[in-house]
Amino acid sequence: DVYKRQVYFQSQTNKQIILITKIMKTTHWMMYTLLGATLALTACVEDDKDLSQPKEPEKTTDLVIPDDADWTTTRSVNLSITSPVATRVAIYTDESCTDASLLTELPVSEVAKNIRLDVAKADRALYVQYATSKGKEMMNIPLNTASTRAETLVKLPENVSGFDTNGGEGAYRYQWYPAKGETATLMMEDNWPEMGDYDFNDFVIWYHAQAIFFDGGNGSKDSYDADGVEFEITFRALGGYLPYRLGLQLDQTSAKYIDEVIEINGNDLVKMELQNPGEDAPAIFIFTGTDQLRKQNNGGTFYNTEADHQIAANDLVTIKYRLKINCFNSLERTKALWAAAISENQNFFLQKEKNGGREIHLRGYEPTAYYSGSYAGEAGNNMRSDIKYCSTDNFVWGIKVPVELAHPREKTDIMKVYGKFRSWITNPNLSMDSPEDYNENWYKYLDSSQAIK
């Protein structure tokens, strides 16, 4: 009897275990079914989005910017040119040799002429035009994209025609930035060292530089009277509340070499003033009166950043000044003039209210001697220690572009205005098959509905 009871008990226990197991399996099946239905419904609600993909950045400050992104759109090229006879050449950035793409005109001879030119990073060649007995011919000079510091040798062929370069027009050298018929753009954010909204319209200018040198061998002192560099600047936008004004330091040009600052095309509001005449230090200029531009807002809050209060092109303030640097019998003055014509040495910045106030420069540029604050103290822990005006996340507060650039409307992130901007800054070394697709050409992809043209 005892044995029978044990068997019966074990049998009943097994039945209960089997029943419980069936219930658990049924419960699990129902749970999985419910979970599957929930996921299906979620997928429908999310319009079949792949939830495994990261969210797309919606603004510039969401981007992850690599350390090798230097935020520059131009580079310098060093050329050494020789000719079997004294002649004159012109150097262009496009094969059709249009006037708009002309970088320089200069006399050359059997003695090497060393020059440095600024070109857009997207440019892959320069074109040297010279005269022959059959007319004008051209040499194609490929540019090494890996390095532009090395000197490129350019030797003109034997069939080049001679040209008297000892006097007259042929003895002058002309150099333009970004090119004879082109205009560059400077765009600034004014919230340094804090991150801005990256509409890059807090201070915007278009500018053009032209340098003139007398390169003749037998010129008198009067022949050098035209030596100097001209700056033409159009104030395109002031979209910030803070009272900043524009400044320019010529990093490699001493103020003592500037003989005179001549107003060519002036304006009652804005003036270009040399702050340290005669000093043996980099020349520093301040553009006074820009605070008055904020009052010329066409009924808006800011100067030319709001779609409903856009200012007509003819009403934008434009000034033109010539910095006279006579180079007669002075190699040092000649070097100072050459340096002033190079974009890399043109250190544009914003200065708060007056000399000594806070300064905002482009990436890698040093503050001026007038900056009385402690850069390290004001920058705090947000800035890289090895590169000035560059955050630890590699963000900047200003960019220069070698074209006339439409700026974003107020509170419109630049990434929404220029479709390739994100690709350019997050993939700076990405190579494309077609020059038009180079990331360096990001400024050619404009959504005009989001910009002030």
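Here is what the cut-offs are and how they apply
Residues numbered from 1 in each chain as written. Predicted model: local features only at pLDDT ≥ 70, side-chain atom pairs only at ≥ 80, totals over all residues. Heavy atoms only, no water. Core = buried A, V, L, I, M, F, W, Y, C linked by side-chain atoms within 4.5 Å. Buried < 20%, exposed > 50% of the residue type's maximum accessible area, 1.4 Å probe, protein only. Helix = DSSP H or I, 4+ residues; strand = E, 2+ residues; numbered from the N terminus. Contact = heavy atoms within 4.5 Å. Pairing = 2+ DSSP bridges. Axes fitted to C-alpha atoms, helices over the stretch in contact; angles between N-to-C directions. pLDDT = per-residue confidence, 0-100. 1 Å grid on protein atoms, 1.4 Å probe; cavity = no way out; pocket = protein on both sides within 12 Å on 5 of 7 lines; lining within 4 Å. Points joined across faces, edges and corners; volume = space filled by probe spheres on them. Nonpolar A, V, L, I, M, F, W, Y, C, P; charged D, E, K, R; others polar.

What follows covers the nonpolar core. Membership of the largest hydrophobic core comes to 67 residues, with the highest contact counts inside it found for Trp 192, Ile 205, Phe 235, Leu 246, Phe 285 and Phe 287. No other element matches strand β10 (residues 203-214), which puts 8 residues into this core. Leaving out residues up to four positions away in the same chain, Ile 205 has contacts with Ala 184, Thr 185, Leu 186, Ile 233, Thr 234, Phe 235, Arg 236, Leu 246 and Phe 348. Counting 27 residues, the second largest nonpolar core, distinct from the first, contains Leu 63, Val 403, Phe 421 and Tyr 443.

The subject of this paragraph is the sheet that holds strand β7 (residues 151-155). Taken in spatial order, the 3 strands line up as β4-β1-β7 in an open sheet, and their pairing is mixed. The open sheet is flanked by β4 (113-120) and β7, the only strands paired with a single partner. On average, adjacent strands in this sheet sit at an angle of 35° to one another, irrespective of strand direction.

Now for the pairing of strand β2 (residues 87-92). Across the 6 residues of β2, 6 count as buried, placing the element largely inside the fold. Here β2 pairs with strand β3 (residues 102-108) via 6 bridges, running antiparallel. The partner of Ile 91 across the bridge, within β3, is Thr 104. Alignment of β2 against strand β5 (residues 125-132), held across 3 bridges, turns out to be antiparallel. In the strand pairing of β5, Ala 90 is matched with Gln 129.

The next point concerns the environment of Ala 451. Along the chain, Ala 451 turns up in strand β21 (residues 451-452). The exposure class of Ala 451 is buried, given its relative accessible area of 3%. Distance from Ala 451 to Pro 408, taken between C-alpha atoms, is 4.3 Å for residues 43 residues apart in sequence. Dropping the residues within four chain positions of it, Ala 451 is found in contact with Ala 406, His 407, Pro 408, Arg 409, Val 417 and Leu 446.

Glancing now at the sheet that holds strand β15 (residues 282-288). Ordered by their spatial adjacency, 5 strands build an open sheet running β14-β15-β12-β17-β18, and the pairing between neighbours is antiparallel. Strands at the two margins of the open sheet, each flanked by one partner only, are β14 (271-274) and β18 (359-361). Averaged over all pairs of adjacent strands, the angle between their axes in this sheet comes to 30°, without regard to strand direction. Packing of helix α2 (residues 331-340) onto the sheet brings it into contact with β12 (244-254) and β17 (346-352), and relative to β12 it is tilted by some 140°.

Within the secondary structure, Gly 135 sits in strand β6 (residues 135-142). Sequence spacing of Gly 135 and Ser 161 is 26 residues, and the spatial spacing of their C-alpha atoms is 9.2 Å.

Our next topic: α2. Along α2, the positions that sit buried rather than exposed are Arg 333, Thr 334, Ala 336, Leu 337, Ala 339 and Ala 340. Buried residues belonging to α2 abut β10, β11 (228-237), β12 and β17.

This brings us to the confidence of the model for the chain. When pLDDT is averaged across the chain, the result is 87; 84% of the residues are at 70 or more. Overall, residues 17-35 carries pLDDT values under 50, and its contacts beyond four positions in sequence, including any with other chains, amount to 0 contacts.

All right, on to empty space enclosed by the protein then. One pass over the full model with this rule turns up 1 cavity of 30 Å³ or more. Of the voids in this model, the largest cavity is the one considered here, and its volume is about 40 Å³. As for the largest cavity, its lining consists of Leu 103, Leu 117, Asp 118, Gln 175, Trp 176, Tyr 177 and Ala 341. Listed by contribution, the elements that provide at least two residues to the lining of the largest cavity are β4 and β8 (172-177). Its residues assigned to classes, the lining of the largest cavity shows 5 nonpolar, 1 polar and 1 charged.

This paragraph deals with the pairing of β6. Looking at chain direction, β5 and β6 are connected through 8 bridges and run antiparallel. Across the sheet, residue Tyr 127 finds its bridge partner in β6, namely Asn 140.

Right, let's get into the environment of Ala 179. Positionally, Ala 179 belongs in the loop between β8 and β9 (184-188). The exposure class of Ala 179 is buried, given its relative accessible area of 4%. Sequence spacing of Ala 179 and Asp 99 is 80 residues, and the spatial spacing of their C-alpha atoms is 8.4 Å. When sequence neighbours within four positions are dropped, the list of residues in contact with Ala 179 reads Ala 100, Ser 101, Leu 102, Leu 103 and His 208.

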